[in-house]
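Here's the letter readout for the chains.
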Amino acid sequence: MPGRSREVQLAVQPDGLPKPEHFAVVEAPMPVPGDGEVLVRNRFFHVSPALRTLIGGSVKGAPFPRLRPGDTLYGKAIAEVMSAPPDAGVQPGDLVQPWLGWREYAAVPAGQWSPLDDALPDPAAHLGQAAIAYTALTRDARLRPGDTVFVSGGAGGIGSLAGQIARALGAGRVIGSTGSPDKAKRLVTELGYDAAVLRRTPALGTTDAHPETNAHDETNPLAATDARPVTDALAATDTQHEPDALAATDTQHEPDALAATDTQHEPDALAATDAHAGTDALAATDTHRGTGALAGADAHREAVVPGGTDPFVDQLAKAAPDGIDVLVDNVGGEQLQAAIAVARPGARFAIVGTLAGQLSPDLAGATAPVEIDTFQLIVKGIEIRGFGSSAEDAAGPEWTERFGGWLRSGEITFPHVRVAGIENAPRALHEMIGGRHLGTVIVEL
Ligand SMILES: NC(=O)c1ccc[n+]([C@@H]2O[C@H](COP(=O)([O-])OP(=O)(O)OC[C@H]3O[C@@H](n4cnc5c(N)ncnc54)[C@H](OP(=O)(O)O)[C@@H]3O)[C@@H](O)[C@H]2O)c1
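Residues numbered from 1 in each chain as written. Predicted model: local features only at pLDDT ≥ 70, side-chain atom pairs only at ≥ 80, totals over all residues. Heavy atoms only, no water.

### What about the site of the ligand?
Point 1. What surrounds the ligand is a group of 27 residues, the closest being Gly157, Ile158, Thr178, Arg199 and Gln358.
Point 2. Here an oxygen atom of the ligand and a side-chain polar atom of glutamine 129 are 3.0 Å apart.
Point 3. In the model, a nitrogen atom of the ligand is placed 3.0 Å from a nitrogen or oxygen of the valine 352 main chain.
Point 4. Contact with the protein chains hides 88% of the accessible area of the ligand, taken as 930 Å² for the molecule alone.
Point 5. Broken down by secondary-structure element, the contributors of at least two residues to the shell around the ligand are helix H8 (355–358) and helix H11 (425–433).
Point 6. If one sorts the elements of the shell around the ligand by residue count, H8 sits on top with three residues.
Point 7. Split by residue class, the shell around the ligand holds twelve nonpolar, 13 polar and two charged. (Near = heavy atom within 4 Å. Polar contact = N/O pair within 3.5 Å; in protein donor to acceptor, adjacent residues only side chain to side chain. Areas by Shrake-Rupley, 256 points an atom, 1.4 Å probe, with all protein chains shown as cover. Helix = DSSP H or I, 4+ residues; strand = E, 2+ residues; numbered from the N terminus. Nonpolar A, V, L, I, M, F, W, Y, C, P; charged D, E, K, R; others polar.)

Here it is as structure tokens:
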């Protein structure tokens, strides 16, 4: 065991969005476990947008303390036990889940870690936040077979799973939003979305809020020419992909017909056009690209790349001509406004995240104001519920068993990107905020 442990600290308070220069990777003495503490070596940790909020001041009432210069960042991790008290219930070599990511080693007090079993085929999938997507869809928005679902932030950690889970639960049409034409295509071709719509980003020429965002998409020749949402030619013709009315209750749900028959999956043509994939100095590994079971549906899907210059509400109205029944909202802002505008009567909205406010360079990251037309809520009888993590806990064992089954059968995949090395973690955070990756961003140690 080394004598020292590296960790990532907030070096200076950023003015605007955090960048790598606002962090320092420092060496600290090896933590010495106190009474009842478990010494762990982190194997993976999650790079979460919530860090922007913690750096920006935290949210009143939220259970997570803010970060100040000199503090070590924290977040969900998967760790290997190095030593444990005799009565801890874990042995050296066991995997546990503490909230002390962003460091190589940690001494974790009792009650601040949970043991991991092999319910999921890949331990890193425990960082996937799929329980949030599942709970939001089943408990908060009460998805019904045949519903039209809109997932804002549809390519993110939660969203990339929410779209697939909605499909697996029998949604009739699934629409996702994202920040680049490349990711919009991938939503349709890899994750089974029927259509994708584009938020405003500098790559689309509508704002310069994120000058570095999605720079690799500027090469897309279609980006400026077609204002239609990414639509799925398959949606109208694929009789194998009908909503599965049983899926919501069947814990032994069989693999999707498309997944089971995908033996001729072609290499992902997009990979060649993504200047980022595989060439980044970080050597980030996108473990999802081109490997998803749903990708098999895509050999014959023809995504139409949008320009994204249409107002967001118009894109969404085109993508959901009959309106939406369910919103899983990771974003807020104009995406929530648009969802209200196109909602069908009786629509159910689960508000999970606040990316529009959280990752705004003009706000501190701890507020997410949005003006909504409450007349529309009344007239349409729209139900809006804020998602809380206690609801996620309620899904608990039911969810983990189901997620493991889906992953093993290949019905859904865990889209994520692995960035190797703690020294690259600040840059991984910067890239996640900039929308460079699809799915959950994980640092692997
Ligand atoms: N309620 C709860 O208990 C709970 C629990 C966990 C997380 N959350 C929240 O849920 C939300 C989603 O979490 P996540 O981990 O899945 O994050 P995420 O979507 O993976 O976040 C990164 C993505 O945000 C998008 N983005 C960047 N700037 C944006 C902007 N200005 N406006 C809109 N989108 C922007 C980019 O995707 P595109 O380029 O594809 O748009 C980027 O890839 C976050 O707000 C998070 O804090 C809530």
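### A word on the side chain of glutamine 315
Point 1. Residue placement: glutamine 315 occurs in helix H6 (residues 312–319).
Point 2. Its relative accessible area of 0% is what places glutamine 315 among the buried residues.
Point 3. Of the polar contacts made by the side chain of glutamine 315, one reaches the backbone nitrogen of leucine 198; its length is 2.8 Å. (Buried < 20%, exposed > 50% of the residue type's maximum accessible area, 1.4 Å probe, protein only.)

### Some details on the environment of aspartate 362
Point 1. On the secondary structure map, aspartate 362 appears in the loop between H8 and helix H9 (374–380).
Point 2. C-alpha separation for the pair aspartate 362 and leucine 17, spaced 345 residues apart in sequence, amounts to 8.5 Å.

### Remarks on the nonpolar core
Point 1. Ranked by size, the top nonpolar core spans 48 residues in total, and within it Ile165 and Phe403 carry the most contacts.
Point 2. Looking at this core, the elements with two or more residues in it are helix H2 (130–140), strand E8 (148–152), helix H3 (159–168), helix H4 (181–191), strand E10 (195–198), strand E13 (324–329) and helix H10 (389–409).
Point 3. Tallying contributions element by element places H2 first for this core, with seven residues.
Point 4. Looking at which domains feed residues into this core, each of domain 1 (4–116) and domain 2 (129–279 + 288–409) gives three or more.
Point 5. The residues touching phenylalanine 403, leaving out its near neighbours within four places in the chain, are Leu120, Ala125, Ala130, Leu161 and Ile412.
Point 6. By size, the runner-up hydrophobic cluster in this structure holds 26 residues, among which are Val47, Val417, Ile433 and Val443. (Core = buried A, V, L, I, M, F, W, Y, C linked by side-chain atoms within 4.5 Å. Domains from an automatic or database assignment. Contact = heavy atoms within 4.5 Å.)

### Here we look at a nonpolar patch on the surface
Point 1. On the surface, a cluster of nonpolar side chains totalling about 390 Å² of accessible area is made up of Phe375, Ile378 and Val379.
Point 2. Inspection of the secondary structure assignment puts valine 379 in helix H9. (Patch = residues over 30% accessible without salt bridge, like charges linked within 9 Å, V, L, I, M, F, W, Y side chains within 5 Å. Salt bridge = Lys/Arg side-chain N within 4 Å of Asp/Glu carboxyl O.)

### Concerning unusual backbone geometry
Point 1. Non-glycine residue tryptophan 102 carries a positive phi angle of around 70°.
Point 2. Relative to the assigned elements, tryptophan 102 resides in the loop between strand E5 (95–98) and strand E6 (105–108).
Point 3. One non-glycine residue, glutamine 129, lies in positive phi territory at about 60°.
Point 4. With respect to the helices, strands and loops of the structure, glutamine 129 is situated in the loop between strand E7 (113–115) and H2.

### Digging into the packing of H2 against H3
Point 1. The N-to-C vectors of H2 and H3 enclose an angle of 45°; their axes lie 9 Å apart at closest approach. Compared by their axis directions, H2 and H3 come out oblique. Of the two elements, H2 crosses H3, and the hand of that crossing is right-handed. Along the contact surface, H2 presents Ala130, Ala133, Tyr134 and Leu137, while H3 presents Leu161, Ala162, Ile165 and Ala166.
Point 2. A per-class count over the contact of H2 with H3 returns eight nonpolar, no polar and no charged. (Axes fitted to C-alpha atoms, helices over the stretch in contact; angles between N-to-C directions. Parallel < 35°, antiparallel > 145°, perpendicular 65-115°, else oblique. Left-handed = near helix turned anticlockwise from the far one by under 90°.)

### Overview of the packing of aromatic side chains
Point 1. Using the criterion set out here, one finds seven aromatic pairs in the structure.
Point 2. Between phenylalanine 64 and tryptophan 99, the ring centres sit 5.6 Å apart and the planes meet at 35°, which makes this aromatic pair tilted. Highlighted residues: phenylalanine 64 in the loop between helix H1 (50–56) and strand E4 (77–83) and tryptophan 99 in the loop between E5 and E6, separated in sequence by 35 residues.
Point 3. A relative accessible area of 37% means that phenylalanine 64 is categorised as partly exposed.
Point 4. Judged by its relative accessible area of 43%, tryptophan 99 falls in the partly exposed class.
Point 5. Within the aromatic cluster, the residues linked to one another by ring pairs are Tyr134, Trp399, Phe403 and Trp406. (Phe/Tyr/Trp six-rings, centres within 6.5 Å; stacked < 30°, edge-to-face > 60°.)

### A closer look at the packing of H6 against helix H7 (residues 333–342)
Point 1. Where H6 contacts H7, the axes come no closer than 9 Å and their chain directions differ by 45°. With respect to each other, H6 and H7 are oriented oblique. H6 and H7 meet at a crossing whose hand is right-handed. On H7, the residues that touch Phe312, Val313, Leu316 and Ala317 of H6 are Glu334, Gln335, Ala338, Ala339, Ala341 and Val342.
Point 2. Looking at the contact of H6 with H7, its residues break down into eight nonpolar, one polar and one charged.

### Considerations on H11
Point 1. Burial runs high along H11: eight of the nine residues are buried.
Point 2. Every buried residue of H11 is listed here: Ala425, Pro426, Ala428, Leu429, His430, Glu431, Met432 and Ile433.
Point 3. On its buried side, H11 packs onto strand E1 (4–10), strand E2 (23–29), strand E3 (38–46), H1, strand E16 (416–420) and strand E17 (440–444).
Point 4. Taken from the residues just after H11, glycine 435 is the one with a positive phi, measuring 75°.

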